[in-house]
Structure formats: C-alpha cells, structure tokens
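Observations on chain architecture
Chain by chain, the residues run as shown.
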Amino acid sequence: MTRRAVHRPAEYAGDVLPQLMYHRTPLSDPSVCGLVLIPPTEADCSRKTPRVQSSYRRKIDLLTVAAQIVAMPVFVCCREGVRESFKCPHRTFACDAHGCIWKNEEFTTALDAEDCGALVLAGYWFDREVVVTALYALADRYEVYVPVDASPAHSKDAARLAEARLFRAGATPLLTKQVLQEWMIEARCTEQRAALMSLV
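Bear in mind the structure is a predicted one, so any value in this text is a computation, not a measurement.

It is worth spelling out unusual backbone geometry at this point. Most peptide bonds take the trans form, and the phi angle of most residues other than glycine is negative. Residue Trp-125 is bonded to the preceding Tyr-124 through a cis peptide linkage, with omega at -10 degrees. Mapping Trp-125 onto the fold places it in the loop between strand 4 (118-123) and helix 4 (126-139). Here the phi dihedral of Ala-71 falls at roughly 55 degrees; this positive angle occurs in a residue that is not glycine. Here Ala-71 lies in the loop between helix 2 (50-69) and strand 2 (74-78). Despite not being glycine, Arg-141 has its phi angle at roughly 75 degrees, a positive value.

If you want it as structure tokens, here you go:
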C-alpha cells in the first residue's frame with residue numbers, strides 16, 4: 001500500500017518510528033504525489049548527445065503535462081542550471097553546492113506544506129543527484145518512484161549500480177509511461193483519466 005509521509009520529529013530520534021498511514025492502492029497515487037525535477041546544467045548538456053537530450057525532454061514534458069492534469073505540485077531543483085521551461089506551474093529551488101536539494105530548508109518546508117506521501121523524482125544525474133534525493137526522501141518516509149528513462153546516468157554501469165541501490169533502499173524504478181499509466185488508473189475523475197490516457 002502507498003505510504004503517506006510520516007516525518008520524524010526530534011523526540012523520536014533513536015526510537016521506533018511512528019506507525020505509518022496507508023492508502024487504498026499499491027500504485028503511485030497522484031492525489032498524494034509530488035513531482036521533483038532536477039534539470040541539467042550547461043555542462044551536463046554537453047555530456048549527452050542531442051538524441052539523449054531530446055528523449056529526456058520528451059519524458060519530462062509528459063510528466064509535467066500529466067502533473068498539471070491531476071493538479072500535482074511540481075518542484076524544480078536547479079544546480080546553477082539552465083532555466084528550462086516547464087509545461088505546468090512549478091516552484092523553483094536551488095540545490096546546495098554538492099547538488100543536494102534536501103539541504104534546502106525552503107524546499108523541505110514547501111514539500112511539507114503539500115502533505116505529499118509519495119514523490120516522483122526525475123532529472124540529472126540518475127546516479128548522483130537523483131539517487132541522493134531519493135535516499136533522503138526514503139529516510140523521511142516518502143514513497144519514491146524514479147522514472148529511469150527520464151533520468152540520464154553518466155554510464156550504463158553507473159545506472160545499473162544506482163538502480164540496484166535504490167531498489168535495496170526501497171525506491172521503485174520504473175518507466176515514464178508506467179508512471180502515467182498508474183496515475184491514469186488512480187485518477188479520481190473521468191476527465192483526468194481520459195486526459196492521461198491520451199498521453200500513455
């Protein structure tokens with residue numbers, strides 16, 4: 001079942017975590033999801049072919065259009081990056097010098113305010129910033145979904161090792177179309193399901 005985020009207050013340090021709350025579905029439920037995107041820097045863009053860049057852009061466009069359909073909050077986390085245009089309303093935050101958005105208190109406060117129980121993470125780089133963000137989110141008791149085809153890695157070996165680590169930590173690697181299909185299944189109204197179906 002999908003878990004709602006249960007943040008760990010200071011008084012629980014070293015103790016057993018509070019009991020988790022559960023939802024009715026084992027899928028990625030858009031009503032309790034947030035979308036977190038980490039766009040590439042100019043240097044990142046130069047390390048991947050135009051074909052890879054184009055594929056990444058198409059996947060991100062699909063995710064952001066789908067997020068807008070279901071009124072999902074979108075967080076864009078920049079690393080001195082290229083200011084990309086996104087096809088939905090979003091909030092932009094700056095990562096720290098090491099690319100860790102979880103160190104940005106404005107970001108975590110905004111995330112807490114949305115009361116999300118699950119996060120979909122995508123962007124650059126899968127084997128660095130995305131993995132680090134996912135591990136922090138898991139430690140904060142979020143369900144984490146990573147569309148690996150929307151998260152380029154430095155190499156095939158790096159992607160394989162990062163995916164294995166995420167799986168062991170409790171995250172769910174999947175494809176962008178799988179994310180959209182799960183949102184379509186769990187969408188709460190006919191209009192949302194129809195709009196999402198056109199994207200799948």
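Read on for the rest.
As a further point, take the packing of helix 4 against helix 5 (residues 156-169). Here helix 4 crosses helix 5 at 5 degrees, and the two axes come no closer than 10 Å. Taken together, the axis directions place helix 4 and helix 5 in an arrangement best described as roughly parallel. On helix 5, the residues touching Phe-126, Asp-127, Val-131, Ala-134, Leu-135 and Leu-138 of helix 4 are Ala-158, Ala-159, Ala-162, Glu-163, Arg-165, Leu-166 and Ala-169. A per-class count over the contact of helix 4 with helix 5 returns 10 nonpolar, no polar and 3 charged.

Following the criterion strictly, the structure yields 7 aromatic pairs and no others. Ring centres of Trp-102 and Phe-107 lie 5.6 Å apart, and the angle between their planes is 70 degrees; on these two criteria the pair is classed as edge-to-face. Residues Trp-102 and Tyr-142 carry aromatic rings whose centres are separated by 6.1 Å and whose planes lie at 80 degrees to one another, so their mutual orientation is edge-to-face. Separated by 40 residues along the polypeptide, Trp-102 in the loop between strand 3 (91-94) and helix 3 (105-114) and Tyr-142 in the loop between helix 4 and strand 5 (143-147) bring together distant segments of the chain. The pair formed by Trp-102 and Tyr-142 is uniform in burial state, with each residue classed as buried. Taken together, the aromatic side chains of Phe-75, Phe-93, Trp-102, Phe-107 and Tyr-142 make up a single cluster linked through ring pairs.

Taken residue by residue, helix 3 has Phe-107, Thr-108, Ala-110 and Leu-111 as its buried positions. All buried residues of helix 3 project into a common sector of 160 degrees when viewed along the axis, lining one side. Away from its buried face, by an angle of more than 90 degrees, helix 3 presents the exposed residues Glu-105, Glu-106 and Ala-113. The backbone nitrogen of Glu-106 lies 2.9 Å from a side-chain oxygen of the residue at the head of helix 3, namely Asn-104. Phi turns positive, to about 55 degrees, at Asp-115, one or two residues after helix 3.

Quick notes on the rules
Residues numbered from 1 in each chain as written. Predicted model: local features only at pLDDT ≥ 70, side-chain atom pairs only at ≥ 80, totals over all residues. Heavy atoms only, no water. Helix = DSSP H or I, 4+ residues; strand = E, 2+ residues; numbered from the N terminus. Axes fitted to C-alpha atoms, helices over the stretch in contact; angles between N-to-C directions. Parallel < 35°, antiparallel > 145°, perpendicular 65-115°, else oblique. Contact = heavy atoms within 4.5 Å. Nonpolar A, V, L, I, M, F, W, Y, C, P; charged D, E, K, R; others polar. Phe/Tyr/Trp six-rings, centres within 6.5 Å; stacked < 30°, edge-to-face > 60°. Buried < 20%, exposed > 50% of the residue type's maximum accessible area, 1.4 Å probe, protein only. Arc of directions from axis to C-beta. Polar contact = N/O pair within 3.5 Å; in protein donor to acceptor, adjacent residues only side chain to side chain.

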